[in-house]
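Structure at a glance
These are the residues of each chain, in order.
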Amino acid sequence: MKILVINAGSSSLKYQLIDMDGERVIAKGVCERVGEPVGNFELKIGDEKFTKQVEMKNHTEAFLVMKEALTEGEHAVLHDLSEIAAVGHRIVQGGALFKESTLVTEKVIEGIESLIDLAPLHNKAHIQGIRASLEVFGPDVPEVVVFDNAFHSTMPPEAYLFGVPYEYYEKYAVRRYGFHGTSHRYVSGECARLMGKPLEEIKLITCHLGNGSSITAIKDGKVIDTSMGLTPLDGFIMGTRSGGVDPSVITFLQEKEGWTPAETSEILNKKSGVFGLSGGMSDDRDIQNAAAAGDARADLTRHIQWYQIRKFIGAYIAAMQGVDAIVFTGGIGENSQPLRENICDSFAYLGLTWDRKVNETAIRGKGGELSLPDSKIKVYIIPTNEELMIARDTKAIVEAL
Ligand code: ADP
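What you see is a predicted model; the values in this text were computed from it and never measured.

1. With respect to the site of the ligand
Taken together, Gly210, Asn211, Gly212, Asp283, Asp284, Arg285, Gly330, Gly331, Ile332, Asn335 and Arg364 form the complete shell of residues around the ligand. Within the backbone of Asn211, a nitrogen or oxygen atom sits 2.9 Å from an oxygen atom of the ligand. Contact between the ligand and Asp283: an oxygen atom at 2.4 Å from a side-chain N or O atom of the residue. Burial of the ligand by the surrounding chains reaches 71%, relative to a free accessible area of 580 Å². Within the residue set of the shell around the ligand, elements represented by two or more residues are α10 (284-292) and α12 (330-335). Across the shell around the ligand, the residue classes tally to one nonpolar, six polar and four charged.

Written as structure tokens, this is what we have:
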């Protein structure tokens, strides 16, 4: 069964075609600058990459460009689009409405639409992606939506409610939803498999560390807490996001600087975190290189990041009353040796021991077990695979039809 996985952004469309027999990626790529006079189209087959510039007025045109590349010309990987059995869409915000992946119907689209307030940029773009896909594939190809926060829907109210008047939860559904759920779900399943234990019997802390980062506490297979909140802004410092700050900092600065709500959001989401603290660097590699070369601000920034991550892990160990394994994933989690070293060292007091050689050699896509056999807490580096998770959900739903 061949499944197409789609991640539609406001001006982009990422795609991955997966053959579920062997869970093999046939082709993947991205349509960028959708809606602009000149767009970029990219197709990757194995290690080969093909690009072209082409105008894509909207998502439907982006789908058509992708369809043409997959089915026609020298790089075609399909005879016909009908070989695609189903389409799976990544949706950022499922609110409290969607607790699991589901088949697309008009009612489901309306549900995603009703959550636009909670994720204005993302959900709007996802709906454009679904509508475009329905237009290109027609009604006979099942389409499935997989929500970024569905995995977090098991959180109890004590973890998801904020200390603001309860009426705002009732009136606007203001609460913690969490994000990166598909990634946390994937790596937690992989971790249980590597440990040879049922997920339902272990306590895990999964650290998805990329440009956006979140940490999740998973007890007996259920998320009990996660660091991102109503939006992906909460938690600890990220590439350009502030993470959690004293809320008074925001009102104080709004008064001093005269920020509007939109400007406030722009500064907290795009100009803060690692970028804001370091003075303009958001890429972890730049921070590590600068710190190693003696840049004091870069060094301070990485120490703030490590300290905040350590606090989240510590808090979740307390929340779960223990931890069996910690997982690192995402661009930083899979690559950053100094970060893993710092975090692992900080839990030596709980009996965590780790292998320097594994830490040095683990790079993106490779993974490995970082803890030593005598460690009281297992530590794994697990490359995440959100697309495969979406494809697996899509397959399961389609097969049950
Ligand atoms: P996103 O959150 O946008 O999906 P990724 O998961 O790809 O992003 O993570 C991006 C981050 O991973 C960047 O900060 C980048 O510096 C970091 N990264 C990528 N490769 C390395 C590396 N070799 N060493 C350290 N960090 C890396």
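2. Concerning the packing of aromatic side chains
Evaluated as defined, the whole model comprises nine aromatic pairs. Considering the side-chain rings of Tyr15 and Phe41, the 6.0 Å spacing of their centres and the 5 degrees angle between planes classify their relative orientation as stacked. Residue Tyr15 is located in strand β2 (residues 13-19), and its partner Phe41 is located in strand β4 (residues 39-45); the two are separated by 26 residues in the primary sequence. Note on accessibility: Tyr15 and Phe41 belong to one class, buried. Of the aromatic side chains, those joined through ring pairs into one cluster are Tyr160, Tyr166 and Tyr169. The side chain of Arg175 reaches across the aromatic face of Tyr160, ending 3.6 Å from its centre.

3. A word on the pairing of strand β10 (residues 213-219)
Taken across its seven residues, β10 has six buried, putting it largely inside the fold. Where strand β9 (residues 203-209) and β10 come together, seven bridges link them in antiparallel fashion. By the bridge assignment, Lys203 is partnered in β10 with Lys219. A loop of three residues connects β9 with β10, the two strands running antiparallel in sequence.

4. Overview of the sheet that holds strand β8 (residues 143-147)
Spatially, the eight strands line up as an open sheet ordered β5-β4-β3-β2-β1-β6-β8-β7, and their pairing is mixed. Strands with a single pairing partner mark the edges of an open sheet, and in this sheet they are β5 (48-54) and β7 (102-103). Of the strand pairs in this sheet, strand β3 (residues 24-32) and β4 are connected by five bridges, and their pairing is antiparallel. Paired with Val30 across the two strands is Glu42, which belongs to β4. Strands in contact with helix α1 (residues 59-71) are β1 (2-8), β2, β3, β4 and β5; relative to β2, the strand with the most contacts, it is inclined by about 35 degrees. Sitting on the sheet, helix α15 (residues 386-399) is in contact with β1, β2, β6 (84-91), β7 and β8, with an inclination near 125 degrees to β6.

5. Thoughts on helix α13 (residues 337-346)
Leu339, Arg340, Asn342, Ile343, Cys344 and Ser346 are the residues of α13 that are buried. Structurally, α13 contributes buried residues whose contacts are with β9, α11 (296-320), β12 (325-329), α12, α14 (356-361) and β14 (378-381).

6. Structural notes on the sheet that holds strand β13 (residues 368-369)
Read from one edge of the open sheet, six strands run β11-β10-β9-β12-β14-β13, paired in mixed fashion. Sheet topology places β11 (222-226) and β13 at the edges, where each strand pairs with a single neighbour. Bridge analysis of β12 against β14 gives four bridges, and the strand direction is parallel. Bridging across to β14, Ala325 finds its partner in Lys378. Against the sheet, helix α6 (residues 181-195) contacts β9, β10, β12 and β14, and its axis sits at roughly 130 degrees relative to β9. Packed on one face of the sheet, α11 meets β9, β10, β11 and β12 and runs near 15 degrees to β10.

Parameters and conventions
Residues numbered from 1 in each chain as written. Predicted model: local features only at pLDDT ≥ 70, side-chain atom pairs only at ≥ 80, totals over all residues. Heavy atoms only, no water. Near = heavy atom within 4 Å. Polar contact = N/O pair within 3.5 Å; in protein donor to acceptor, adjacent residues only side chain to side chain. Areas by Shrake-Rupley, 256 points an atom, 1.4 Å probe, with all protein chains shown as cover. Helix = DSSP H or I, 4+ residues; strand = E, 2+ residues; numbered from the N terminus. Nonpolar A, V, L, I, M, F, W, Y, C, P; charged D, E, K, R; others polar. Phe/Tyr/Trp six-rings, centres within 6.5 Å; stacked < 30°, edge-to-face > 60°. Buried < 20%, exposed > 50% of the residue type's maximum accessible area, 1.4 Å probe, protein only. Lys NZ or Arg CZ within 6 Å of the ring centre and 35° of its normal. Pairing = 2+ DSSP bridges. Contact = heavy atoms within 4.5 Å. Axes fitted to C-alpha atoms, helices over the stretch in contact; angles between N-to-C directions.

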